[in-house]
Amino acid sequence: MIRPPNIFLVGPMGAGKSTVGRQLAESLGYEFRDSDQEIQRRTGVDIPTIFEFEGEEGFRKRERGVVEDLAQEEGIVLATGGGVVLTPENRQQLAARGFVIYLHCSPEQQFARTARDRSRPLIDTDDPQQRLRELMAEREPIYRQVADMVVSTERRGTASVVKEIRRRLEEEEI
């Protein structure tokens, strides 16, 4: 297997990017990084606080800087935020600096995984399931466009997803 310099995980909230990313990085001997955690580390506040004071636009600006910095590293598995693909510069960075894997799951699965998580400002609405469907409709074509590989996490355990990614990377000699 020829190893890509980096593996970038994209997909909606609740798809398992952080969970899969940690195990994938460990199995490949890569370092795990999480763009949302890095934003929080740099700012000293959580994501909802950034949204409260700077709005989504301020958050996306911070996210763009973090993605640009992290994409320059080598030997990382990066779990990105669900909206990272909305920014053209992020898509360019990810495509140019590594192998992009879209972790896909349905809005219903996302809701089941995120229903009790209060750190997700985009679904802090009266109808979070409807909001997840709207976000998926907007973002899925972009996830697929930027992805080098699509892997479903629907009703699957982390080990199974990691095993599939490893198998497919080897089959494709990546």
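Quick summary incoming for the structure in this document. (Residues numbered from 1 in each chain as written. Predicted model: local features only at pLDDT ≥ 70, side-chain atom pairs only at ≥ 80, totals over all residues. Heavy atoms only, no water.)

## A few points about the pairing of strand E5 (residues 149–152)
Burial along E5 is one-sided: Met149 and Val151 are buried, while Val150 and Ser152, pointing the other way, are not. Taken together, the four bridges between strand E4 (residues 99–104) and E5 define a ladder with parallel strand orientation. Within E5, the residue paired with His104 across the bridge is Ser152. (Buried < 20%, exposed > 50% of the residue type's maximum accessible area, 1.4 Å probe, protein only. Helix = DSSP H or I, 4+ residues; strand = E, 2+ residues; numbered from the N terminus. Pairing = 2+ DSSP bridges.)

## Comments concerning empty space enclosed by the protein
Throughout the structure, instances matching the rule amount to one cavity of 30 Å³ or more. Taken as a whole, the largest cavity holds about 50 Å³ of empty space. Lining the largest cavity, in full, are Pro12, Met13, Gln110, Leu132, Leu135, Met136, Arg139 and Tyr143. Top contributing element to the lining of the largest cavity by residue count: helix H6 (residues 128–146), with five residues. (1 Å grid on protein atoms, 1.4 Å probe; cavity = no way out; pocket = protein on both sides within 12 Å on 5 of 7 lines; lining within 4 Å. Points joined across faces, edges and corners; volume = space filled by probe spheres on them.)

## Observations concerning the sheet that holds E5
Strand order in this open sheet of five strands is E2-E3-E1-E4-E5, and the pairing throughout is parallel. Edge strands, defined here as strands with exactly one partner in the open sheet, are strand E2 (31–34) and E5. Each strand of the sheet is rotated relative to its neighbour by a mean of 25°, with strand direction disregarded. With respect to the sheet, helix H4 (residues 88–97) is in contact with strand E1 (6–10) and E4, its orientation differing from that of E1 by roughly 140°. (Axes fitted to C-alpha atoms, helices over the stretch in contact; angles between N-to-C directions. Contact = heavy atoms within 4.5 Å.)

## Structural notes on the pairing of E1
Looking along a regular strand, one sees side chains alternate from face to face of the sheet. Within E1, five of the five residues are buried, which leaves the element mostly enclosed by the surrounding structure. Residue alternation in E1 divides its side chains into two sets, Asn6, Phe8 and Val10 and Ile7 and Leu9, and both sets are buried. Direction of pairing for E1 relative to strand E3 (residues 76–79): parallel, over a ladder of four bridges. When the bridges of E3 are listed, Leu9 appears paired with Ala79. In terms of strand pairing, E1 meets E4 through four bridges, oriented parallel.

## Some details on the environment of Ile76
The topology assignment puts Ile76 in strand E3. Among all residues touching Ile76, those that are not within four sequence positions of it are Pro5, Asn6, Ile7, Phe8, Tyr30, Glu31, Arg33 and Leu70.

## As for the pattern of salt bridges
The tally for this structure, following the rule as stated, stands at 17 salt bridges. For Glu54, the salt bridge is made with Arg62, and the minimal N-O distance between the two is 2.7 Å. Given a relative accessible area of 35%, Glu54 falls into the partly exposed group. Sharing partners across several salt bridges, the network here consists of Glu31, Arg33, Glu38, Arg41, Arg42, Asp69 and Glu73. (Salt bridge = Lys/Arg side-chain N within 4 Å of Asp/Glu carboxyl O.)

## Topic: unusual backbone geometry
At Arg155, a position not held by glycine, the phi torsion is positive, near 50°. One can find Arg155 in the loop between E5 and helix H7 (158–171).

## Focus on the environment of Thr114
Here Thr114 lies in helix H5 (residues 107–114). Under the relative-accessibility criterion, Thr114 is labelled buried at 1%. Sequence spacing of Thr114 and Met13 is 101 residues, and the spatial spacing of their C-alpha atoms is 7.7 Å. Engagement of the side chain of Thr114 in a polar contact is seen with the backbone oxygen of Gln110, the distance being 2.8 Å. (Polar contact = N/O pair within 3.5 Å; in protein donor to acceptor, adjacent residues only side chain to side chain.)

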